[in-house]
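# Coordinate analysis (summary)
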Amino acid sequence: MSATTLSPAAVSAADTKADGRIPLRGHLRHTGALVRRNLLWIRQDPESMFDALLMPVVFTLLFVYVFGGSIGQALGGGQDGYVQYVIPGMIAMMSMTLSQGVGTGFSQDFNSGVMDRFRSLPIGRGSVLFAKVSVELVRMLFATTVLMIVAVLVGFDINSWPGLFAAVGLAAVFASSIMWVFLTLGVILKNAQSVQAMGFLVLFPLQFGSSIFAPTASMPGWLQAFTDYNPLSTLADAARGLMVGGPVAHDLWVTLGWSVAITAVMAPVAIHKFRTKS
């Protein structure tokens, strides 16, 4: 090996050491600059916000007007009762569904060479990932705002504004933890299509095997056992309790526990994979 050529392992070690020498203020400054870069990219490509704009509208209208009558009757409140039931659950759904976008976007940046450019700069490697998570949370909050506007138009009653803000904050905490899973997939899978396909396999059973769209009491016993441990069920039930009334404490703490555990495991994995990707 020549004096001017380094192996991938040596480059990775050098990157890790350089990253460790960057102070916290430097990491924050780098993260802020990258957040601004990502927001400017969205401004130049507004089509990237179509999913955050249209998904809350389509899903709300679909479930309220297609399933609301029959499920609402089972709940004893008709379609109006189902609106009060499903909207908090859809906040939980938005937190999971839009989290997938951070993985597909990350994979596209790798394939376009943007990430190679970032890794050649003297910036914190973790800052690149934290910036992605921050911007995706902005997209999620935008989608939630659209969801609540549509929800009010179809008859949702906001009984507690503090409860609404608490539910959105809880959903954001959980979404940020799930984003580390998709960031990891964005690094290790070859293209955005693979990330999207894998995300669908993860999202579909978690969303529909939960209490988001319907109560779990009528489900088979084995499926109820799954929903009891499904973090989307506890997030939906906690949001429901905060927004329309009901027990909150158990579901709140379970959701926070899931969020902390997922972040603690997957954030270091995602950062390590990003640093060492050749």
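For the structure, check the block above.
Residues numbered from 1 in each chain as written. Predicted model: local features only at pLDDT ≥ 70, side-chain atom pairs only at ≥ 80, totals over all residues. Heavy atoms only, no water.

## Thoughts on the overall build of the protein
For the protein, the count of helices and strands is twelve helices and zero strands. Ordered by position from the N terminus, the helices and strands of the protein form the series α-α-α-α-α-α-α-α-α-α-α-α. Over its C-alpha atoms the protein spans a radius of gyration of 21 Å, differing by no more than 12% from the 19 Å that the globule rule assigns to 278 residues. Projecting the C-alpha coordinates of the protein onto the three principal axes gives extents of approximately 75 × 40 × 35 Å. With 278 residues in all, the protein has 48% of them scored as buried. Partitioning the contacts of the protein with sequence separation of at least 6, the portion at a separation of at least 24 is 78%. Placing the 17 positive and 13 negative side-chain charges of the protein at their respective mean positions leaves the two points 17 Å apart. (Helix = DSSP H or I, 4+ residues; strand = E, 2+ residues; numbered from the N terminus. Rg over C-alpha atoms; globule rule 2.2 N^0.38 Å. Buried < 20%, exposed > 50% of the residue type's maximum accessible area, 1.4 Å probe, protein only. Contact = heavy atoms within 4.5 Å. Lys, Arg positive; Asp, Glu negative; His and termini not counted. Charge placed at Lys NZ, Arg CZ, Asp CG, Glu CD.)

## Description of the pattern of salt bridges
Taken as a whole and judged by the stated rule, the model has three salt bridges. In this structure, R139 engages D51 in a salt bridge whose closest nitrogen and oxygen atoms are separated by 2.9 Å. Of this pair, R139 sits in helix α7 (residues 125-153) while D51 sits in helix α3 (residues 50-75), and the two are 88 residues apart along the sequence. Under the relative-accessibility criterion, R139 is labelled buried at 7%. Given the relative accessible area of 30%, D51 is considered partly exposed. Between D237 and R240 there is a salt bridge whose closest N-O contact spans 2.9 Å. In this pair, D237 and R240 both sit in helix α11 (residues 231-244), three residues apart, roughly one turn of the helix. On the basis of relative accessible area, D237 is assigned to the partly exposed category, the value being 25%. (Salt bridge = Lys/Arg side-chain N within 4 Å of Asp/Glu carboxyl O.)

## Here we look at the packing of α7 against helix α8 (residues 161-188)
The contact between α7 and α8 brings their axes to 10 Å, and the two run at 140°. On the basis of the axis angle, α7 is oblique to α8. When you trace α7 past α8, the crossing you get is right-handed. Listed contacts from α8 to L129, F130, K132, V133, E136, L137, M140, L141, T144 and M148 of α7 are L164, V168, A171, A172, A175, S176, M179, W180 and L183. Here the contact of α7 with α8 is built from residues that sort into 15 nonpolar, two polar and two charged. (Axes fitted to C-alpha atoms, helices over the stretch in contact; angles between N-to-C directions. Parallel < 35°, antiparallel > 145°, perpendicular 65-115°, else oblique. Left-handed = near helix turned anticlockwise from the far one by under 90°. Nonpolar A, V, L, I, M, F, W, Y, C, P; charged D, E, K, R; others polar.)

## A word on the side chain of Q100
With respect to the secondary-structure elements, Q100 resides in helix α5 (residues 100-112). Discounting residues that sit within four places of it in the chain, Q100 has contacts with F182, V195, Q196, G199, F200 and L203.

## Examining the packing of aromatic side chains
Inspection of every chain in the model, using the stated rule, returns nine aromatic pairs. Between F63 and F67, the aromatic rings sit 5.3 Å apart at their centres with planes inclined by 35°, giving tilted as the arrangement. One end of the pair is F63 and the other is F67, both in helix α3 and four residues apart, which spans about a single turn. On the basis of relative accessible area, F67 is assigned to the partly exposed category, the value being 34%. By the ring-pair criterion, three or more aromatic residues cluster together here, those being F59, F63, F67, F200, F204, F208 and F213. (Phe/Tyr/Trp six-rings, centres within 6.5 Å; stacked < 30°, edge-to-face > 60°.)

## As for the nonpolar core
Among the nonpolar cores identified, the biggest contains 74 residues, and F106, V128, L129 and W180 are the most heavily contacted of them. If one sorts the elements of this core by residue count, α8 sits on top with 15 residues. (Core = buried A, V, L, I, M, F, W, Y, C linked by side-chain atoms within 4.5 Å.)

## Here we look at the environment of R36
Along the chain, R36 falls in helix α2 (residues 24-44). As a C-alpha pair, R36 and G246 span 210 residues in sequence and 40 Å in three-dimensional space.

## What about the packing of α5 against helix α9 (residues 192-208)?
It is the contact of α5 with α9, at a shortest axis distance of 8 Å, that shows an interaxial angle of 165°. One way to sum up the angle between α5 and α9 is to call them roughly antiparallel. Seen along the crossing, α5 lies across α9 with a hand that is right-handed. Note on element contacts: α9 touches α5 through A192, V195, Q196, G199, F200 and L203, opposite Q100, G103, T104, S107, Q108 and N111. When its residues are assigned to classes, the contact of α5 with α9 shows four nonpolar, eight polar and no charged.

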